[in-house]
Amino acid sequence: IFQDHNGNTAADFYNRFQEDIQLLKKLNIRHFRFSLSWSRLLPNGTGNINEKGIEFYNRIIDCCLENNITPWVTLYHWDLPYELEKKGGWANRDILNWFRVYVDLCVNRFGSKVKHWMILNEPIAFTGGGYFLGIHAPGRSGLKNFLPAIHHACLCQNIGFQLIKERYPESEVGTTFSFSHIEAYTTTNLRQNTRHLAAAKRVDAILNRMALEPTLGLPYPHTDLKVLASINKYMQQGDELLLKTPFDFIGVQTYTRELVKHSYSVPYLKAKLINAEKRNVPTTVLNWEIHPPSLYEVIKKVAAYTGVKKIIVTENGAAFNDRVESSRVHDPYRINYLQQHIAELKRVKDEGINVKGYFVWSFIDNFEWSEGYHPRFGIVYVDFKTQKRVIKDSGYWYQQFLKDHA
C-alpha cells in the first residue's frame, strides 16, 4: 500500500457518521450509498454475530431516515473476513454458503428499513485485482485463483438477490459493475489495426463483459478470449440457471477510457493498455484519462443488452491532489469533470436510455485500497490528521446543481 498507509482510522466515519450525514443534507444529497462490512458483522465469517456492528449500522440507517436521506446499501465492498480467506476465500465454492449466511443476517436485521440494495461492488475488480493480478488483497494471482473466484462471485449475486426478494419483494435490488470504455489503437497499417481491434475485443471481454453477461443469462465471453473457457471446470450442474439474475437495476461504475494495442508479450490477452500519460491526454492523479464520452458509450453499451431494466450510475468521479488554502479547497478540474460527465448522462437520457440515478464517487476523501490516501476523490476534503471536513468548491457546485434540479 502506498507509503505503508492503512485504513485503521481512515475518515473516522465510525465516530463521525452523524456529522457526515448532516453534511450530506447540507449539500442537498438525498441518497447515500454506503457499505456493510462482513468482517464487522461476522468477524469469523459465519457464527457469532457482533451485535455492536449491528447496532452501528442501525444507527446509520436511522440517522439517514431521520434526515430524509435514502440509504442505498452495498452488501460487499471487498472486505472478506480473514478467517474465510484462510479457507480459500472467493476461490472456495463454500463461499456460496458463507455469503448466504451473511446476507440472511443483513436482510433480517436491516431489511425492514433498507429498500435499496446493491449485492457486490465490482466483482471483476476485486477478483481480478485480488485473485488474478495480486495487486489488491488477498494478493493471489493466476487463472487458477481468478476463474473460480469470479464464478463464485457471480453466483453470489443471485444468492443475494433472491434472499432479499424472498423477504422483501418490494425492495429494489441491483448490483454494480466496473466498466472502462475500450478503444483500439489505430495506425496507418491496416494489418496492425486488425490485430489492435482483436486485442481491444479481448480486453473488453475480461474487463467489461466477464461479470455482466452471465448475470444476464449469457455465457462467459470465452469466444472472444479463449482462455476463459477454462472456467467450465468450476461450473456445476445448474450453475447456468443460477447465474442469471433479474436485477431491478444495473449499477454502472466508470471513470475513464482505455486505449488498447496488440502485444505478443502479454500472457493470455496478447494485448496491453497504452499509458494515458504517454498519450498526452488530460489525466487524474491516478493517471486515468479524463474522457467524458466514456460515460455515454458505456451506458449505451450496457443498455443494449436484453434484460437490463434500468441503469443507475453508482460511481463516477475523479481523484486529484487537492489542498486546503485559506480554509478553501479550489478544485476547478473536478467541477469541470462532473459538469462534462453529467452532460454525457443527459445526452444518453435524451436518447431514451432508462438511466435513473447518479452517485458521485466520492462524498468524502477516503482510503483508496493500495493507493492509500494519495488520491482524493471526495467533494468534501478530509484532513486525515485532524479529521476536519472542508467542503471543496466542487461540493458547493454540486450542492447548487442539485438545488437547481430538485
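Just so you know, these numbers come straight off a predicted model, no measurement behind them.

Asks: I keep staring at the overall build of the protein and nothing clicks. Help me out?
Replies: Scanning the protein from terminus to terminus reveals 13 helices and 10 strands. Relative to a compact globule of 406 residues, whose C-alpha radius of gyration would be 22 Å, the protein shows 21 Å and is just as compact. With respect to the three principal axes, the spread of C-alpha positions in the protein is 60 × 50 × 45 Å. Expressed as a percentage of contacts within the protein between residues at least 6 apart in sequence, the contacts between residues at least 24 apart total 73%. Split by element, the accessible area of the protein, about 18,200 Å² in all, is 50% carbon and sulfur. Here the protein carries 50 positive and 41 negative side-chain charges, and the mean point of each set is 3 Å from the other.

Asks: Where do I start with the pairing of strand S8 (residues 355-358) in this structure?
Replies: Consecutive side chains of a regular strand alternate in pointing toward one face of the sheet and then the other. Direction of pairing for strand S7 (residues 311-315) relative to S8: parallel, over a ladder of three bridges. When the sheet's bridge partners are listed, Ile312 is paired in S8 with Gly357. In the classification by handedness, the crossover that spans S7, the intervening helix H12 (residues 332-350) and the parallel S8 is right-handed.

Asks: Before we go on, may I ask you to explain the packing of helix H1 (residues 13-26) against helix H3 (residues 51-66) in this structure?
Replies: The packing of two helices is summarised by the inter-axis angle and the distance between the axes. Where H1 contacts H3, the two axes come as close as 10 Å, and the packing angle between them is 5°. Put simply, H1 runs roughly parallel to H3. Between H1 and H3, the residues in contact are Phe13, Tyr14, Phe17, Gln18 and Ile21 and Phe56, Arg59, Ile60, Cys63 and Cys64, respectively. Its residues assigned to classes, the contact of H1 with H3 shows eight nonpolar, one polar and one charged.

Asks: What am I meant to see in the packing of aromatic side chains here?
Replies: The geometry of an aromatic ring pair is captured by the separation of the ring centres together with the interplanar angle, meaning the angle of the planes. On inspection of all chains with the given rule, the structure shows 32 aromatic pairs. Summarising the aromatic geometry, the rings of Phe13 and Phe17 are spaced 6.2 Å apart at their centres and angled 55° between planes, so their arrangement reads as tilted. Taken as a pair, Phe13 and Phe17 lie in helix H1 at a separation of four residues, close to a single helical turn. For Phe13, a relative accessible area of 22% puts it in the partly exposed group. For the ring pair Tyr398 and Phe401, a centre distance of 6.2 Å and an interplane angle of 10° mean the geometry is stacked. Linking Tyr398 with Phe401, this pair stays in helix H13 (residues 393-404), spanning three residues, or about one helical turn. Cluster of aromatic residues (ring-pair linked, three or more members): Phe13, Tyr14, Phe17, Phe32, Phe34, Phe56, Tyr57, Phe110 and Phe363. The cationic tip of Arg347 hangs over the ring face of Tyr296; the distance from NZ or CZ to the ring centre is 3.5 Å.

Asks: What should I look at first to understand the pattern of salt bridges in this one?
Replies: As a working rule, side chains carrying opposite charge can pair if their charged atoms are close by. Enumeration over the complete set of coordinates arrives at 28 salt bridges. A salt bridge links Arg389 to Asp20, with the nearest nitrogen and oxygen atoms 2.8 Å apart. Taken together, the residues span a long stretch of sequence, with Arg389 in strand S10 (residues 389-391) and Asp20 in helix H1 at a distance of 369 residues. On the basis of relative accessibility, which here comes to 0%, the residue Asp20 falls in the buried class. The closest approach of N and O atoms between Lys392 and Asp322, which form a salt bridge, is 2.6 Å. With Lys392 in the loop between S10 and H13 and Asp322 in the loop between S7 and H12, this residue pair connects regions lying 70 residues apart in the sequence. As far as burial versus exposure is concerned, Lys392 and Asp322 are alike and both buried. Bridged by salt links that share partners, the residues Asp322, Asp331, Arg334, Asp365, Arg376 and Lys392 form one connected network.

What counts and what doesn't
Residues numbered from 1 in each chain as written. Predicted model: local features only at pLDDT ≥ 70, side-chain atom pairs only at ≥ 80, totals over all residues. Heavy atoms only, no water. Helix = DSSP H or I, 4+ residues; strand = E, 2+ residues; numbered from the N terminus. Rg over C-alpha atoms; globule rule 2.2 N^0.38 Å. Contact = heavy atoms within 4.5 Å. Areas by Shrake-Rupley, 256 points an atom, 1.4 Å probe, with all protein chains shown as cover. Lys, Arg positive; Asp, Glu negative; His and termini not counted. Charge placed at Lys NZ, Arg CZ, Asp CG, Glu CD. Pairing = 2+ DSSP bridges. Right-handed = clockwise from strand over helix to strand, strands pointing away. Axes fitted to C-alpha atoms, helices over the stretch in contact; angles between N-to-C directions. Parallel < 35°, antiparallel > 145°, perpendicular 65-115°, else oblique. Nonpolar A, V, L, I, M, F, W, Y, C, P; charged D, E, K, R; others polar. Phe/Tyr/Trp six-rings, centres within 6.5 Å; stacked < 30°, edge-to-face > 60°. Buried < 20%, exposed > 50% of the residue type's maximum accessible area, 1.4 Å probe, protein only. Lys NZ or Arg CZ within 6 Å of the ring centre and 35° of its normal. Salt bridge = Lys/Arg side-chain N within 4 Å of Asp/Glu carboxyl O.

Take it as geometry only, folks, not as evidence of what the structure does.
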